[in-house]
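# Descriptive analysis of the structure
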Amino acid sequence: MDQEGIYQQQVMDRARAPVHAGLPEGATHEGTGVNPMCGDQVRVGLVLDGQGRVARIGHRTRGCAICVASADLMAELALGCDGGELKAVSAAFDRMVRDGGAAPRDELAVFAPLRRHRSRIRCATLPWSALETALADGRQRATDESKDG
Amino acid sequence: MDLSPVVMTDPIDALRGLRDDFPILNETVHGKALVFLDSAASAQKPVQVIDAMAGAMRTQYANIHRGLHWMSERTTEAYEGVRDQVAGLIGAPSREEIIFTRNSTEAINLVAHSFGSLMRPGQAVVISEMEHHANLVPWQMLRDRTGIELRVAPISDDGDLELDALGRLLEDGRVALVAVTHMSNVLGSVTPARRIADMAHDAGARVLFDGSQMVVHRKVDVQAIGADFYAFTGHKLYGPSGIGVLWGRRALLDEMPPFMGGGEMISEVRFEGSRWAAVPHKFEAGTPAIVETIGLGAAISYIEAVGYDAIAAHEAALVSHALERLGDVPGLRVVGRPADRGGVISFVMKDAHPHDIATLLDRSGIAVRAGHHCAEPLMRRLGLSATARASFGLYTTREEVDMLATALEQIRSFFI
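Residues numbered from 1 in each chain as written. Chains lettered and ligands numbered in written order. Predicted model: local features only at pLDDT ≥ 70, side-chain atom pairs only at ≥ 80, totals over all residues. Heavy atoms only, no water.

Scanning chain A from terminus to terminus reveals five helices and three strands. When contacts within chain A are restricted to residue pairs at least 6 apart in sequence, those whose partners lie at least 24 apart make up 61%. Carbon together with sulfur atoms contributes 47% to the accessible area of chain A, which is approximately 6,500 Å² in total. (Helix = DSSP H or I, 4+ residues; strand = E, 2+ residues; numbered from the N terminus. Contact = heavy atoms within 4.5 Å. Areas by Shrake-Rupley, 256 points an atom, 1.4 Å probe, with all protein chains shown as cover.)

In this structure, B:V178, B:F209, B:Y230, B:L237 and B:L394 are the most contacted members of the largest nonpolar core, which totals 78 residues. Per-element accounting of this core gives the leading share, seven residues, to helix α9 (residues 290-306) of chain B. Among residues more than four places away in sequence, those in contact with B:L237 are B:L89, B:V215, B:V216, B:F232, B:L296, B:A299, B:I300, B:I303 and B:Y308. Core analysis: the next-biggest nonpolar cluster, separate from the first, contains 71 residues, A:V11, A:L46, A:V54 and A:I121 among them. (Core = buried A, V, L, I, M, F, W, Y, C linked by side-chain atoms within 4.5 Å. Buried < 20%, exposed > 50% of the residue type's maximum accessible area, 1.4 Å probe, protein only.)

Any segment with low pLDDT has predicted coordinates that should not be analysed in fine detail. Per-residue confidence for chain B gives a mean pLDDT of 95; residues scoring 70 or more make up 98%. Both scores are given for the predicted complex: the pTM is 0.91, the ipTM 0.81. (pLDDT = per-residue confidence, 0-100.)

Right, let's get into the confidence of the model for chain A. Within chain A, residue pLDDT values average 88, and 89% of them lie at 70 or more. Counted against residues more than four places away or in other chains, residues 140-149 of chain A, with its pLDDT under 50, gives 18 contacts.

Residues annotated in UniProt with the feature "domain: Aminotransferase class V" (unreviewed entry) correspond here to residues 35-404 of chain B. Regarding residues 35-404 of chain B, the helix share stands at 39% and the strand share at 18%, and the terminal C-alpha atoms are separated by 9 Å. (UniProt positions renumbered as here; feature names shortened; annotations may be inferred.)

A separate point is the interface of chain B and chain A. Taken together, the contact pairs 18 residues of chain B with 21 residues of chain A. Overall, the association of chain B and chain A removes approximately 1,600 Å² of surface from exposure, summing both partners, and the carbon and sulfur fraction of that is 56%. In this structure, the salt-bridge partner of A:R120 is B:D356, at a minimum N-O distance of 2.8 Å. In this assembly, chain B and chain A are joined by nine residue pairs in polar contact (both at pLDDT 80 or more). Put simply, the parts of the chain that give the side of chain B that touches chain A at least two residues each are α11 (354-363) and α13 (398-415) of chain B. Along the lines of polarity and charge, the residues of the side of chain B that touches chain A split into seven nonpolar, seven polar and four charged. (Buried area = accessible area lost by both parts, 1.4 Å probe. Salt bridge = Lys/Arg side-chain N within 4 Å of Asp/Glu carboxyl O. Polar contact = N/O pair within 3.5 Å; in protein donor to acceptor, adjacent residues only side chain to side chain. Nonpolar A, V, L, I, M, F, W, Y, C, P; charged D, E, K, R; others polar.)

Set out below in structure tokens:
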């Protein structure tokens, strides 16, 4: 099927069986991204360690294949990173899918063909918006609240 | 337009010759012939509409209602002639009851502001669960502004308006207006307009129908269905965007205050105060969409030449064929099975998100819409976040429906 490279095997594998689905227990930070155009929603939960690095992360995504795969790869790459590094990756990822910039991490290059599908760019960037919201969210989450995912 | 050279019995094939009138259908998308199945969002335009608009700008353009020169008078005649055409199209008893707006959204907002300003706290407006945002948000805004109540009539799982429940919402006699779609842009449901109007009137309420989808597919007679207001837009009716219509009963329109103030809606202006022009001009402030209105007139001429009997038969045969073909696609579920439906079919597919479906169909040259279709509350009612939607125009062919079904089968195997 002609799909111009936007549904590469890695994307489809992640979409079918996301490795980081579900919010982590005891999440210290949470963020949600919603695309009002389609109703897709990504919820990201984080646990930061003493150095402000991501110790645990998970997502709960209701969305298309691109969105689910992007959320899952994002979660994988976020492990061990601090907020500043993640903001930089997010910005570079945004430039890659919008303007054809370089992939900030090799794994994210599978989303580069989205540049030719403007209407789908938001599907890939939505998880990153949710992550940024989570990083900005300093609230301590009650354990029982974080378990609902 | 060429309808007569061959006598055909298949109502789908009967309109095949019309495709030559739509230049865009010769375009290719990603190297494939365009299959345009997104007419419910906006229909393609026949050359007759394109030429009428270009011709107006080339040879007879001027502002209307204010020039004393020949060009203005000629353009005014053309513009006002479309008002007569619209009145004829929907069976309005008087041309003065036709108000030009930008689109059906503006037409509904006009009623919400103007008729709504006559409502008092304690009164209510009834809408249905399958309204799109244009027939929901204006009433929420009115509620928040004036303290009226907004009631929502439920639909069945099949996508039909629950008339018994509607009746219960009308029982206390406090409903001033029932505002419902005449044909759902998501489910294709055609609502029983006459029955709804009778129920509303028996309860002392007025009734507004949002007819943007309906006028495309079926003959509408506002008097026969007992409407008090009827709204539709030009761009779904093979005309241009930027022009819509509100029809209202004269007595109501006379009673209602203006929607917007400015030129053309006044009869006298003094610093101390102003007096309003008679309808319809009371509701048409400022220079209107002159060229677009002329385009709408050309579109009405076009569909009237084709004939609603042929259009409705074409639609019915296409929908029947599409439901059969889509029913054969593994994992695909058509959303809603209304008793009476028009040429709009929403569907979801197991394991494939509507956006992925739409993107992959696009790679096959097939244009459909995916998302919530500006009907978020309906999506929640259906337990969905989005659907894919195929919608038909009078240029849609049986082969295009078959191509959709084949492409969906391929997409299904791609995702499982």
